[in-house]
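As a plain string of letters, each chain reads:
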Amino acid sequence: MSRGIKIGIIVAGIGVVLPIVAVVAIVALFAGMSAFEPSEIARREIQLANHGSLIIDGKERGRSEHGFSQQAGYRPPGSAEIEWFGDVSDGVEPQVYQAGPLVVVIDLPAAQLYIRTHEQKWKALALIFPNDIGPFPISYYAERNGLTVEEVSRINELGGKRERKYPTTYIQSFDPETRDLKCSYHVDNKSSWPLHFRLAEDGTHLALVEVGGSSP
């Protein structure tokens, strides 16, 4: 066998073996990373005053203008089961309130409320208004925020008629005794209006109590 043929066989062998070695190395690398992944660190448990727990799974689930989201759940007092109710923004600790039989979890960056109703079911209410996430009908926003169509229409009139509005709502406070929720509604970076809502006794919807005057 000539020297040239031998070299050709060696080169061909190397060309076959190298991809196999590379694949094996990549598989081993991913296996090693998963083996050393700190699964216990990913989940946090926050003890609540009612002896229940708020559970936050640290794994990133999605991305929005508020950053990444993490799955959140609630473990009732004396129970081993977790009631997963939705996603909360990372970087900001959710606020949790006991309002009578209701458990209210507020995600401030997303202006989102999660309520464990008196029927022990979870209800999500998002403080979004027309053109906040798109040109959907007012009935769509009323269904999402738990208000009536008339109440959403009244809020939509704030700021007058404009070609487009990009409203942002900030939750300022929640009173678990009265279930009063106070917010600030902005249609631009110059003007805002205070909004006063009240959470229903059964936790299933909101009611518009008052729309304040324009703030500086």
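The structure presented is a predicted model; accordingly, all values stated were derived computationally and were not measured. (Residues numbered from 1 in each chain as written. Predicted model: local features only at pLDDT ≥ 70, side-chain atom pairs only at ≥ 80, totals over all residues. Heavy atoms only, no water.)

A. A look at the pairing of strand β5 (residues 95-99). Bridging between β5 and strand β6 (residues 102-107) involves five bridges; their strand directions are antiparallel. Residue pairing across strands places Q98 opposite V103, the latter belonging to β6. If you look at the hairpin formed by β5 and β6, you'll find two residues sitting between the two strands, and G100 has a positive phi there, around 65°. (Pairing = 2+ DSSP bridges. Helix = DSSP H or I, 4+ residues; strand = E, 2+ residues; numbered from the N terminus.)

B. Spotlight on the sheet that holds strand β10 (residues 180-186). The strand order across the open sheet built from four strands is β9-β10-β11-β12, with neighbouring strands paired in antiparallel fashion. The open sheet has two edge strands with one neighbour each: β9 (168-175) and β12 (206-211). The sheet shows a mean angle of 30° between the axes of neighbouring strands, taken without regard to direction. Strand direction decides the pairing type here: β10 and strand β11 (residues 192-199), joined by seven bridges, are antiparallel. Residue pairing for β11: S184 is matched across the bridge by P194. (Axes fitted to C-alpha atoms, helices over the stretch in contact; angles between N-to-C directions.)

C. Examining the pairing of β12 more closely. Relative to β12, β11 is paired through five bridges, and the arrangement is antiparallel. Within β12, the residue paired with L195 across the bridge is V211.

D. Spatial organisation of the nonpolar core. In this structure, V104, L113, L127, I155, L181, L195 and F197 are the most contacted members of the largest nonpolar core, which totals 31 residues. Per element, the largest residue contribution to this core is four residues, and it comes from β11. Not counting chain neighbours up to four residues away, the residues in contact with L181 comprise I106, L113, L127, I171, S173, F174, L195, H196, F197 and L206. Listed in part, the 10 residues of the second largest apolar core include I56, F85, V88 and V103. (Core = buried A, V, L, I, M, F, W, Y, C linked by side-chain atoms within 4.5 Å. Buried < 20%, exposed > 50% of the residue type's maximum accessible area, 1.4 Å probe, protein only. Contact = heavy atoms within 4.5 Å.)

E. Here's a closer look at helix α3 (residues 138-145). Here α3 has its buried residues at Y141, A142 and N145. The buried residues of α3 occupy one face: seen down the axis, they fall within an arc of 105°. Downstream of α3 by one or two residues, G146 has phi in the positive range, about 80°. (Arc of directions from axis to C-beta.)

F. Summary view of the confidence of the model for the chain. Taken residue by residue, the chain gives an average pLDDT of 82. The fraction at 70 or more is 73%. Across residues 21-25, confidence stays below pLDDT 50; counting only partners more than four residues off in sequence or on other chains, it has zero contacts. Every residue in residues 34-40 is under pLDDT 50, and counting partners more than four places away or in other chains gives one contact. (pLDDT = per-residue confidence, 0-100.)

G. Seen up close, the environment of A124. Structurally, the position occupied by A124 is in strand β8 (residues 122-126). Expressed as a C-alpha distance, the spacing of A124 and G203, which sit 79 residues apart in the sequence, is 9.7 Å. Non-local contacts of A124, meaning those with residues more than four positions away in its chain, are made with Q112, L113, Y114 and R144.

H. Structural context of the pattern of salt bridges. Counted by the stated rule, this structure contains four salt bridges. A salt bridge links R44 to E93; the shortest N-O distance between them is 3.3 Å. With R44 in strand β1 (residues 43-47) and E93 in the loop between β4 (83-89) and β5, the pair connects residues that are 49 residues apart, well separated along the chain. We note a salt bridge from E83 to R116, for which the minimum N-O separation is 2.8 Å. With E83 in strand β4 and R116 in strand β7 (residues 112-116), this pair connects stretches of sequence that are 33 residues apart. Accessibility expressed as a relative area gives 22% for E83, which makes it partly exposed. By relative accessible area, which is 10% here, R116 ends up buried. (Salt bridge = Lys/Arg side-chain N within 4 Å of Asp/Glu carboxyl O.)

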